[in-house]
Amino acid sequence: QVQPVESGGGLVQPGGSLRLSCAASGNIFSISAMGWYRQAPGKQRELVANAASGGRTNYADSVTGRFTISRDNAKNTVYIHMNSLKPEDTAVYYCNAQLTTRGGLFAAYWGQGTQVTVSS
């Protein structure tokens, strides 16, 4: 069993900052990539940013220059630092981990989501 667990969401004013964390635990052999997606009401889930184990990162155009993703491979943890937040960043943010279990299964696992609300 593998479970990514997010933390760090909340309410912030426009222009503010937040940091989200996600730690994956359980039957993990190796993690290929970890990333963040978000889903706003009435919209499809979309990629925010991801980070591969080799260090390559990828960002949505809408967050480039404002958000920074980082990983702590020793802790199976991914972070996203969100600066200059806008009301349109309001969404439930989900962690995604693409990994191989000790039994050799490669799969993607989702966290339960954490709410980020940007409002004055």
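Residues numbered from 1 in each chain as written. Predicted model: local features only at pLDDT ≥ 70, side-chain atom pairs only at ≥ 80, totals over all residues. Heavy atoms only, no water.

**Overview of the sheet that holds strand β3 (residues 18–26)**
For step 1, the next point in the chain: Read across the open sheet, the 4 strands follow the order β1-β3-β8-β7; overall the sheet is antiparallel. Of all the strands in the sheet, just β1 (2–7) and β7 (67–72) have a single pairing partner and so form its edges. Here the average twist between neighbouring strands, direction ignored, is 15 degrees.
For step 2, the next point in the chain: Where β1 meets β3, 6 bridges bridge the pair, whose relative direction is antiparallel. Bridge pairing in β3 places Val 5 opposite Ala 23. (Pairing = 2+ DSSP bridges. Helix = DSSP H or I, 4+ residues; strand = E, 2+ residues; numbered from the N terminus. Axes fitted to C-alpha atoms, helices over the stretch in contact; angles between N-to-C directions.)

**Here we look at the state of the cysteines**
For step 1, the next point in the chain: Counted under the stated rule, the structure contains 1 disulfide.
For step 2, the next point in the chain: Covalent S-S linkage joins Cys 22 and Cys 95, the inter-sulfur distance amounting to 2.1 Å. Judged by the sign of its S-S torsion, about -80 degrees, the bond between Cys 22 and Cys 95 is left-handed. Highlighted residues: Cys 22 in strand β3 and Cys 95 in strand β9 (residues 91–101), separated in sequence by 73 residues. We note that Cys 22, like Cys 95, is buried. (Disulfide = S-S within 2.5 Å. Buried < 20%, exposed > 50% of the residue type's maximum accessible area, 1.4 Å probe, protein only.)

**What about the pairing of β7?**
For step 1, the next point in the chain: The pairing of β7 with strand β8 (residues 77–82) spans 6 bridges and is classified as antiparallel. Bridge pairing links Phe 67 to Met 82 in β8.
For step 2, the next point in the chain: Where β7 folds back onto β8 in an antiparallel hairpin, the turn is made up of 4 residues, including Asn 76, whose phi is positive at roughly 50 degrees.

**Concerning the pattern of salt bridges**
For step 1, the next point in the chain: Applying the stated rule across the entire model yields 3 salt bridges.
For step 2, the next point in the chain: Note that Arg 38 and Glu 46 form a salt bridge whose closest N and O atoms lie 2.8 Å from each other.
For step 3, the next point in the chain: With a relative accessible area of 35%, Glu 46 lands in the partly exposed category.
For step 4, the next point in the chain: A salt bridge links Arg 38 to Asp 89; its shortest N-O distance comes to 2.9 Å. (Salt bridge = Lys/Arg side-chain N within 4 Å of Asp/Glu carboxyl O.)

**Considerations on the packing of aromatic side chains**
For step 1, the next point in the chain: One pass over the structure, following the stated rule, counts 1 aromatic pair.
For step 2, the next point in the chain: Judged by centre distance (5.0 Å) and plane angle (70 degrees), the ring pair of Tyr 37 and Trp 110 falls under edge-to-face. Taken as a pair, Tyr 37 in strand β4 (residues 28–39) and Trp 110 in strand β10 (residues 106–110) lie far apart in primary sequence, 73 residues in all.
For step 3, the next point in the chain: By relative accessible area, which is 36% here, Trp 110 ends up partly exposed.
For step 4, the next point in the chain: The cationic tip of Arg 45 hangs over the ring face of Tyr 94; the distance from NZ or CZ to the ring centre is 3.7 Å.
For step 5, the next point in the chain: It is Arg 45 that lies over the ring of Trp 110; its NZ or CZ is 4.6 Å from the centre. (Phe/Tyr/Trp six-rings, centres within 6.5 Å; stacked < 30°, edge-to-face > 60°. Lys NZ or Arg CZ within 6 Å of the ring centre and 35° of its normal.)

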